[in-house]
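Summary of the model geometry
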Amino acid sequence: MASSKTIAARQRFFGEAAVDPVSGAVREDQVLVSWFGCASFAVAMGGVVFLLDAWVPRGATSGYVPTGPEEVAALEPAAIFIGHGHFDHAADAGAIARASGAVVHGTAEHCATARKQVRGAELACQELGSGTSAPGDRYDFELAPGLSVTAVRHLHSARTPRHEGADASAPVRPKPCLCDIRAYPPRPADAGHLARNLLAPEGGVLLYQFRLGDFALTWHDSSGPLLDKAPHVLDVLRTLPASDVHIGAVQGYNQFTNGLRDPRSYIEALRPKVFVPNHHDNWLPLITARGEAFRTPLHEEVARMAEGERPEVRMLLDRDDYLAPGRLAFDLAPQG
């Protein structure tokens, strides 16, 4: 039986109709995904609740994302999956894991960073390689009966020389949006939290695919220049089942020279029915812009794909699509 806080948090993230008001159980016949900023998502898949990344954006602003680590922890996730260890992806992992009992999944360095955040408190952490693991390394396991997970080591976004030619992608250079600092001024505690975690190490980068029955959900919080530096990783991604839903990072260092070519390479390899962008909102307004700035470039990039291979783009826009129950809701086929 879940606590009243857990029931309230789950209803807020996943919708009242999706959560039993007495037990707190989340419906098992759907995949429900709720965005809480940057690349962080709460997921209920077959009734199992877990997190993808663990940071509520704050520091340069406060209250821009209408939740906090305490409410995220109240979801009582079974697991936290870390894509990489930078502050904008994992700065709340330790606190949320300690408060909820969730098992952290990530590289050895991600586990060490999460424990450091809570001053060495005991945390359960499943190590998936280390920062020195080779791109393309694969890890397979079950999160719950019938819910399988594949993690694939890949690359962080990085700038590479401009690709010339008729198939070159146009640079994407949105102007930083400082207006949200005025509208949501930072509180001292949030600014301090950001400062303490600002230099957290990457620790390696992982992509995850979750499968339940015939349904596949794939997520990654960075899109690296695989075409230039590790094309064999794209071959590994092609061996995975085609994704029903692919949640992928679109903002990255290579956007300034090669546009959204790198995110497109992941889409082409993963073959999704629905593509959902992440890491594209105003999570640090000194250097970022609102997600609207990526709408046209993303649609133009997807249009470069062969017509029969283009996914539906399900654009999430800040702030309206934070904690928006039903925005990302997908039916599971009946089992058995």
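This text goes with the structure placed above it.
Throughout what follows, the structure given in this document is the object of discussion. A quick note: this is a predicted structure, and the numbers were derived from the prediction, not measured.

1. Overview of the overall build of the protein
If you tally the helices and strands in the protein, you get 12 helices and 14 strands. The C-alpha radius of gyration computed for the protein amounts to 19 Å, which stays within 12% of the reference 20 Å derived for 336 residues, consistent with globular compactness. Counting only C-alpha atoms, the protein reaches 60 × 55 × 40 Å along its principal axes. The buried share of the protein, reckoned over its 336 residues, is 60%. For the protein, contacts bridging at least 24 residues in sequence account for 71% of all contacts bridging at least 6. In the structure as shown, the protein presents an accessible area of about 13600 Å², 53% of it carried by carbon and sulfur atoms. The centroid of the 32 positive side-chain charges in the protein is displaced by 5 Å from the centroid of its 39 negative side-chain charges.

2. Quick word on the state of the cysteines
One pass over the full model with this rule turns up 1 disulfide. Each sulfur in the disulfide pair Cys111 and Cys125 lies 1.9 Å from the other. Judged by the torsion about the S-S bond (-75°), the Cys111/Cys125 disulfide is left-handed. Here Cys111 is found in helix H5 (residues 108–117), whereas its partner Cys125 is found in strand S6 (residues 125–127), with 14 residues between them in sequence. Each of the two residues, Cys111 as well as Cys125, counts as buried. The closest cysteine sulfur to the non-disulfide-bonded Cys38 is located on Cys177, 16 Å from its own sulfur.

3. Notes on unusual backbone geometry
Geometrically, the link from Asp318 to Arg319 is a cis peptide bond, its omega value of 0° lying close to zero. Within the secondary structure, Arg319 is located in the loop between strand S13 (312–313) and strand S14 (328–331). Phi at Asp53 takes a positive value of approximately 65°, unusual for a residue other than glycine. By relative accessible area, which is 0% here, Asp53 ends up buried. Phi angles above zero are rare outside glycine, and Glu76 is one such case at about 55°. Tracing the chain through its elements places Glu76 in the loop between helix H2 (69–74) and strand S4 (79–81).

4. Considering the pairing of strand S7 (residues 138–144)
Relative to strand S8 (residues 147–154), S7 runs antiparallel, the two being bridged by 6 bridges. Looking at S8, one finds that Asp140 is bridged to Thr150. What sits between S7 and S8 in their antiparallel hairpin is a turn of 2 residues, with Gly146 showing a positive phi close to 85°.

5. Some points on the packing of aromatic side chains
Each pair of aromatic rings is reported with the distance of its centres and the angle of its planes. For the structure on display, the rule yields 15 aromatic pairs. Taken together, a centroid distance of 6.3 Å and an interplanar angle of 85° make the contact between Trp55 and Trp283 edge-to-face. Of this pair, Trp55 sits in the loop between strand S3 (48–52) and H2 while Trp283 sits in the loop between strand S12 (274–278) and helix H12 (292–302), placing them 228 residues apart in sequence. On the numbers, 6.2 Å between centres and 20° between planes, the contact of Tyr208 with Phe210 is stacked. The exposure class assigned to Phe210 is buried, which follows from its relative accessible area of 0%.

6. Thoughts on the sheet that holds S14
Strand pairs in the sheet, formed through backbone hydrogen bonds, run parallel or antiparallel to each other. Read from one edge of the open sheet, 7 strands run S6-S5-S4-S3-S2-S1-S14, paired in mixed fashion. Strands with a single pairing partner mark the edges of an open sheet, and in this sheet they are S6 and S14. In this sheet, neighbouring strand axes are inclined to one another by 20° on average, regardless of whether the strands run parallel or antiparallel. Pairing of strand S1 (residues 30–35) with S14 involves 4 bridges; the strand directions are antiparallel. Considered in S14, the bridge of Gln30 is made with Asp331. Against the sheet, H5 touches strand S5 (103–106) and S6, its axis set at about 155° to S6.

7. Some words on the environment of Ala114
With respect to the helices and strands, Ala114 occurs in helix H5. A relative accessible area of 2% means that Ala114 is categorised as buried.

8. Quick word on the environment of Asp140
Among the secondary structure elements, Asp140 is positioned in strand S7. The spatial distance from the C-alpha of Asp140 to the C-alpha of Thr150 is 4.5 Å, given a sequence separation of 10 residues. For Asp140, the contacting residues outside a window of four places in its chain are Val149, Thr150 and Arg211. Only 2.9 Å separates the side chain of Asp140 from the side chain of Arg138, close enough to count as a polar contact. Of the polar contacts made by the side chain of Asp140, one reaches the side chain of Thr150; its length is 2.5 Å.

Criteria and cut-off values
- Residues numbered from 1 in each chain as written.
- Predicted model: local features only at pLDDT ≥ 70, side-chain atom pairs only at ≥ 80, totals over all residues.
- Heavy atoms only, no water.
- Helix = DSSP H or I, 4+ residues; strand = E, 2+ residues; numbered from the N terminus.
- Rg over C-alpha atoms; globule rule 2.2 N^0.38 Å.
- Buried < 20%, exposed > 50% of the residue type's maximum accessible area, 1.4 Å probe, protein only.
- Contact = heavy atoms within 4.5 Å.
- Areas by Shrake-Rupley, 256 points an atom, 1.4 Å probe, with all protein chains shown as cover.
- Lys, Arg positive; Asp, Glu negative; His and termini not counted.
- Charge placed at Lys NZ, Arg CZ, Asp CG, Glu CD.
- Disulfide = S-S within 2.5 Å.
- Pairing = 2+ DSSP bridges.
- Phe/Tyr/Trp six-rings, centres within 6.5 Å; stacked < 30°, edge-to-face > 60°.
- Axes fitted to C-alpha atoms, helices over the stretch in contact; angles between N-to-C directions.
- Polar contact = N/O pair within 3.5 Å; in protein donor to acceptor, adjacent residues only side chain to side chain.

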